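Next come the chains, spelled out residue by residue.
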Amino acid sequence: MTAIETDAAQPWPHPPVKVGLVGAGPWARAVHARVLAAGPETRLTSVWARRAEAARETAEPHGAAAVTRFEELLDGCEAVAFAVPPAVQADLAPLAAKAGKALLLEKPLGVDLASARRLVDAVDEAGVVSQLVLTNRYHPVTREFLSRARELEITGARSCLLHGAFLGGEFATTWRLEHGALLDLGPHLLDLLDAAVGPIVRVRGTGDPRRWIELTCEHADGVVSQASLSGSVHVEQGSTRIELFGPQAPLVYDATELDHEETWSVLRREFATAVRTGVSGELDVHRGLHLQTLMAQASES
């Protein structure tokens, strides 16, 4: 798939994409419902969740319907956005793809490589558009960093993604506490390293994903990078940092102070553009499968 160039500041020339939302947890309320309802590229039509009351609380502020059956949600939309645990996404997203719906997917695709492959197979068989919510990749600062990184001679890299969400609060959810930082945070950092340094071909991991895990990444051009992941450390703000080293001065990416509000209009415009053109961008299910493969290598090492 090729990258889709869009300008979120330009008028949207098409009818809004009708999107149904699966999930009504904190991330669904704070991001998916609000962003998809804001338009003009998309319109939130309905919300389905296993808890009907939560679905109503998520849908009503945006004038969307709270439906009681997943099938009802599929009947009223062109695309489906998922904000649910990876095991639930891996079960339901193939059904949405079979129904011909474009997919806006969370990471990871599933809890394991087998479920991720089944989802990718369903998307390929149905021929539908897919896109991943890899938050930082839609921010202008990240895109500038990646553009500069591609011009460098890189000898090595080190990186970290650290926060304390697993210590308590609404994001200390069952699946995150069970699987830890590798599945929750790994896709973000591995994706950025892969894009900045070059394709990762092998990952080795050591440590406990529920506390701290260290990854050694081997890239196709022979460069080695390190990645530290934890959701169980007390830090003032979540920290995402990448340092690229070579014969030139280091290039540093620090996402700590980024305003993520700048990402959502870009993400929404690119997803709607993909739906209207029928062409997925580079951050599609195949990108998700690549990341899931790397995480599987790390967990098995």
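Residues numbered from 1 in each chain as written. Predicted model: local features only at pLDDT ≥ 70, side-chain atom pairs only at ≥ 80, totals over all residues. Heavy atoms only, no water.

*Asks:* What's the story with the nonpolar core in this structure? I'm lost.
*Replies:* Taken as a class, soluble globular proteins show a tendency for nonpolar side chains to be buried jointly. Core analysis: the largest hydrophobic core is formed by 99 residues, its most contacted members being F82, L215 and L244. With sequence-adjacent residues up to four places away left out, L215 is seen in contact with L182, L190, V203, R204, G205, S225, Q226, A227, L229 and A298. (Core = buried A, V, L, I, M, F, W, Y, C linked by side-chain atoms within 4.5 Å. Buried < 20%, exposed > 50% of the residue type's maximum accessible area, 1.4 Å probe, protein only. Contact = heavy atoms within 4.5 Å.)

*Asks:* Can you walk me through the environment of L229 in this structure?
*Replies:* In this structure, L229 sits in strand β10 (residues 224-230). Here L229 falls in the buried class, since its relative accessible area comes to 0%. Put simply, L229 and T45 are 184 residues apart on the chain and 37 Å apart in space, counted from C-alpha to C-alpha. (Helix = DSSP H or I, 4+ residues; strand = E, 2+ residues; numbered from the N terminus.)

*Asks:* Help me understand helix α10 (residues 261-277) in this model?
*Replies:* Counting along an α-helix, one turn takes 3.6 residues, and residues three or four places apart therefore face a common direction. In a regular helix each residue adds 1.5 Å, so 17 residues correspond to 24 Å; α10 covers 25 Å between its end C-alpha atoms and thus fits that length. α10 sits mainly inside the fold: twelve of its 17 residues count as buried. Turning to α10, its buried residues number three or more, namely T263, W264, V266, L267, R268, R269, E270, F271, A272, T273, A274 and V275. Positive phi shows up at G278, right after α10, with a value of about 75°. (Expected span 1.5 Å × (residues − 1).)

*Asks:* What is the right way to read the sheet that holds strand β4 (residues 79-82) from this model?
*Replies:* Each strand in a sheet pairs with another by means of backbone hydrogen bonds, the pair being arranged parallel or else antiparallel. The six strands lie next to each other as β3-β2-β1-β4-β5-β6, forming an open sheet whose pairing is parallel. Two strands lie at the open edges of the sheet, namely β3 (65-66) and β6 (130-132), each paired on one side alone. Where strand β1 (residues 17-22) and strand β2 (residues 42-48) come together, six bridges link them in parallel fashion. What sits directly across from K18, in β2, is R43. (Pairing = 2+ DSSP bridges.)

Structural measurements only, silent on function.
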